[in-house]
Amino acid sequence: MEWTIFFFNFNLISLFNINSSKKILFKSQNNVLLNENSNLGPYLAGLIEGDGTFAIHDIKSTAKIYRPKIIIVFKLADLPLAEYLQDLTKSGIVYKKQDRGYVLWQIQDIIGVYTIVNIINGYMRTPKIEALHRTIKWYNKYIDINQHSKLPSTKLIISKIKEIEMKDLDNSSIESNAWLSGFTDADGNFSINIYKIKNKNSIRIQLYYRLEIKQSYNRINNDGENVSFFAIMSKISKFLETKVYSRNRIINDKEFFSFILMSSSKTSLIKTNLYFYKFPLLSSKLLDYKSWSHILELQQNSKMTTAYLNEAIKTKTDFNKTRTTFSWDHLKNCDLTK
């Protein structure tokens, strides 16, 4: 395994400098009550860019033509989140794949996909925006072709959708919305490492926030080149004042490449903690974050590791993969659409 480190030297930037603006309420086609400051759009965009897929028929393909689909994968423990988002957006169906160890939220009806597209349009930050744009083109062409259709089912669909503006990447600051929370619910994790320091009779507790994503988008651009995820990873690392690593590994004779960033310094951990306090995670990772944040607070207020060592050891018994207790109370009072 090889590691290449990209170093960044950035000045400390002001946290959460967000201009307030008047809320404008509107309803999506599925009656999801939103406003221009809603966190649903950024959160869903981040979640889909991490663990979601757009399936759009390639016009060059001879395979059977199909309508656009959006598929989002969750781990089994996050079934309540998948059901919550499905109910909130009134889009798609949630399938529990118990034997495969995951949950699918699949949206494939025209109105459902249209609803999700409109919610996330303008909030995407990665090369996956290419797939969103292909989906938008499909809808605009569908409207153009069928606007005078006499078929009752088609007329009903046309009455509920309209041409979609193709918005560019969201270039706002990372700390301005909940996009990173959605992206982290998909591809991030928190860790508490306890280990002995070599040649010393002492123990150290190290906290990390880690985010990993593949290096290249799975489709080439118009110039025949792979599109890298480095730009968005470097932007996140700039915000968190950390580093981006390049990783490669071989699994079953196939080589995989990814970018990884990790928060571990005091400054970076504090910024990470503040962000997720302001824009909470929604998956079961929220529970891990809260445990992680609790140990971080103890660490900052204690000069000696021994003062919070037992608490850290206790926390790790029900944390990440060892977690057996779950609570979804945060979804009952979720302000994702406010």
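Going by the structure above, here's the rest.
As the structure is a prediction and not an experimental result, all values here were calculated from the model.

### Examining the packing of aromatic side chains
Enumeration over the complete set of coordinates arrives at 15 aromatic pairs. Measuring from ring centre to ring centre gives 5.2 Å for W138 and Y142, while their planes differ by 15 degrees; the resulting arrangement is stacked. Taken as a pair, W138 and Y142 lie in helix 4 (residues 129-146) at a separation of four residues, close to a single helical turn. Using a relative accessible area of 13% as the deciding quantity, one classes Y142 as buried. Consider the rings of F190 and W292, whose centres lie 5.0 Å apart with planes at 55 degrees: the pair is tilted. Here F190, found in strand 8 (residues 188-196), pairs with W292, found in helix 9 (residues 285-301); they are 102 residues apart in sequence, far enough to count as distant. Its relative accessible area of 1% is what places F190 among the buried residues. Overall, W292 belongs to the buried group, its relative accessible area being 0%. Aromatic ring contacts, followed pair by pair, group F190, Y209, F239, Y275, F276, F279, Y289 and W292 into a single cluster.

### Side note on the pattern of salt bridges
Counted under the stated rule, the structure contains ten salt bridges. Note that D170 and R125 form a salt bridge whose closest N and O atoms lie 3.2 Å from each other. You can see D170 sitting in the loop between helix 5 (152-160) and helix 6 (179-187) and its partner R125 sitting in the loop between helix 3 (110-120) and helix 4, a full 45 residues away along the chain. Across this residue pair, the class does not change: D170 and R125 are buried.

### Comments concerning the pairing of strand 12 (residues 243-251)
Where strand 12 and strand 13 (residues 254-263) come together, nine bridges link them in antiparallel fashion. Looking at strand 13, one finds that N248 is bridged to F257. Counting the residues that bridge the hairpin from strand 12 to strand 13 gives two residues, and of these N252 lies at a positive phi of roughly 55 degrees.

### As for the sheet that holds strand 5 (residues 69-75)
Taken in spatial order, the four strands of this open sheet run 4-5-7-6, and their pairing is antiparallel. The two strands at the open ends of the sheet, each matched to only one other strand, are strand 4 (52-55) and strand 6 (93-97). The average undirected angle you get between the axes of adjacent strands in this sheet is 20 degrees. Strand direction decides the pairing type here: strand 5 and strand 7 (residues 102-107), joined by six bridges, are antiparallel. Its bridge partner lying in strand 7, K75 is registered against Y102. Lying over the sheet, helix 1 (residues 40-51) contacts strand 4, strand 5 and strand 7, oriented at roughly 80 degrees with respect to strand 5.

Calculation criteria
Residues numbered from 1 in each chain as written. Predicted model: local features only at pLDDT ≥ 70, side-chain atom pairs only at ≥ 80, totals over all residues. Heavy atoms only, no water. Phe/Tyr/Trp six-rings, centres within 6.5 Å; stacked < 30°, edge-to-face > 60°. Helix = DSSP H or I, 4+ residues; strand = E, 2+ residues; numbered from the N terminus. Buried < 20%, exposed > 50% of the residue type's maximum accessible area, 1.4 Å probe, protein only. Salt bridge = Lys/Arg side-chain N within 4 Å of Asp/Glu carboxyl O. Pairing = 2+ DSSP bridges. Axes fitted to C-alpha atoms, helices over the stretch in contact; angles between N-to-C directions. Contact = heavy atoms within 4.5 Å.

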